Amino acid sequence: MDWSPNPLNRFATDRLGKLWQAGVTISDGMKHAATQLRDGVIVPFLDRGIESGDLPGKEAMYVRYLTGTDKPLNVLPPGVREAVPAAVDRSRARDRSRNLYSENYNLALPEAVAKTKAEYPDLASRFQMEIAEREAHNVAKPFIGQTIPLPTIDEQGRLDIQYEDYNEGHSRNNFRHPLFQTLGRFHSDKDGNVIDRYDFTNHDTGRQYASQQTGGAVEAANFLAEKLGLINDSSGYEINAPIN
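So, a few notes on the structure that sits alongside this text.

Calculation criteria
- Residues numbered from 1 in each chain as written.
- Predicted model: local features only at pLDDT ≥ 70, side-chain atom pairs only at ≥ 80, totals over all residues.
- Heavy atoms only, no water.
- Pairing = 2+ DSSP bridges.
- Helix = DSSP H or I, 4+ residues; strand = E, 2+ residues; numbered from the N terminus.
- Axes fitted to C-alpha atoms, helices over the stretch in contact; angles between N-to-C directions.
- Contact = heavy atoms within 4.5 Å.
- Bend = angle between axes of the 7 residues up to and from the residue.
- Buried < 20%, exposed > 50% of the residue type's maximum accessible area, 1.4 Å probe, protein only.
- Core = buried A, V, L, I, M, F, W, Y, C linked by side-chain atoms within 4.5 Å.
- Parallel < 35°, antiparallel > 145°, perpendicular 65-115°, else oblique.
- Left-handed = near helix turned anticlockwise from the far one by under 90°.

1. Side note on the sheet that holds strand β6 (residues 237–242)
Inference 1: Spatially, the four strands line up as an open sheet ordered β3-β4-β5-β6, and their pairing is antiparallel. The strands lining the two open edges of the sheet, one partner per strand, are β3 (158–161) and β6. The average angle at which neighbouring strand axes cross in this sheet is 25°, direction not considered.
Inference 2: As paired elements, strand β4 (residues 186–189) and strand β5 (residues 193–198) share two bridges and run antiparallel to each other. Across the sheet, histidine 187 pairs through a bridge with isoleucine 195, a residue of β5.
Inference 3: Each of β3, β4, β5 and β6 is contacted by helix α4 (residues 78–93), which is oriented at about 100° to β3, the strand it contacts most.

Put into structure tokens, the structure is as follows:
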């Protein structure tokens, strides 16, 4: 992913920084006016730039998140639109199944760890884990090689697209791919729309990487937006955009 510094990054970080340094106190009236300005002017401007490609997609989608808006994004960057069909095709061709060995192993392991710690409290942790893993394996052993096929389309009529559907070698670290840190993992529906939610609640690693690529600008902007009350842990927006 290329989060190289650009005017959009600098604008977001500089403006938030100046507000924070000034110790701005925002009244309810100011918040209402700011919300009207954000959703009536700033977000539509970002959306037009995202759709046309005049603004860099990854950065513009992130700045959109920093505004705190919950207005759905109904357009996609040109590069993302072009990349989605191939990912959809690979997802449709991907085998889907439940691995019963893995499921039973993962269910048995926590109990085995607790049991081992209780029985061998003085044993080094790595040896405790070896014992627990062996016990979990024995529980799951009868299920080795057993799988249950899963439907390609889920009960909501949606197709799931995972990192492996657009990253060569099944790696989730193809940072330069247009879908990485724009859509990430997402769904497409029967009408050909991209369905997703853009947020960072469970994506700290991705944000840390982006921040490293910008000399800390991404993390700083996120921190300042939180301090100003623009975003919180539940912030984000839905994406419901046609592929074509």
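2. Overview of α4
Inference 1: The sharpest bend along α4 comes to roughly 30°, located at valine 84, with the proline proline 85 sitting one to four residues further on.
Inference 2: Turning to α4, its buried residues are Val80, Ala83, Val84, Ala87, Val88 and Ser91.
Inference 3: Close packing links the buried residues of α4 with β3, β4 and β5.

3. Remarks on the nonpolar core
Inference 1: Counting residues in hydrophobic clusters, the biggest one holds 35 residues, and the most contacted among them are Tyr65, Val84, Leu179, Leu183, Val194, Tyr198 and Ile239.
Inference 2: The greatest single-element share of this core, amounting to six residues, is contributed by helix α3 (residues 57–66).
Inference 3: Setting aside residues up to four positions removed in sequence, valine 84 forms contacts with Leu179, Leu183, Phe186, Val194 and Ile243.
Inference 4: Grouped together as the second largest cluster of nonpolar side chains are eight residues, Ala108, Leu109, Val113 and Ala132 included.

4. A short note on the packing of helix α5 (residues 100–119) against helix α6 (residues 125–140)
Inference 1: Interhelical geometry of α5 versus α6 gives an angle of 140° and a closest axis separation of 7 Å. It follows that α5 is oblique to α6 by the angle criterion. Handedness of the α5/α6 crossing: right-handed. Of the residues in α6, those touching α5 at Tyr101, Asn104, Tyr105, Ala108, Leu109, Ala112, Val113, Lys115, Thr116 and Lys117 are Gln128, Met129, Ile131, Ala132, Glu133, Glu135, Ala136, His137, Val139 and Ala140.

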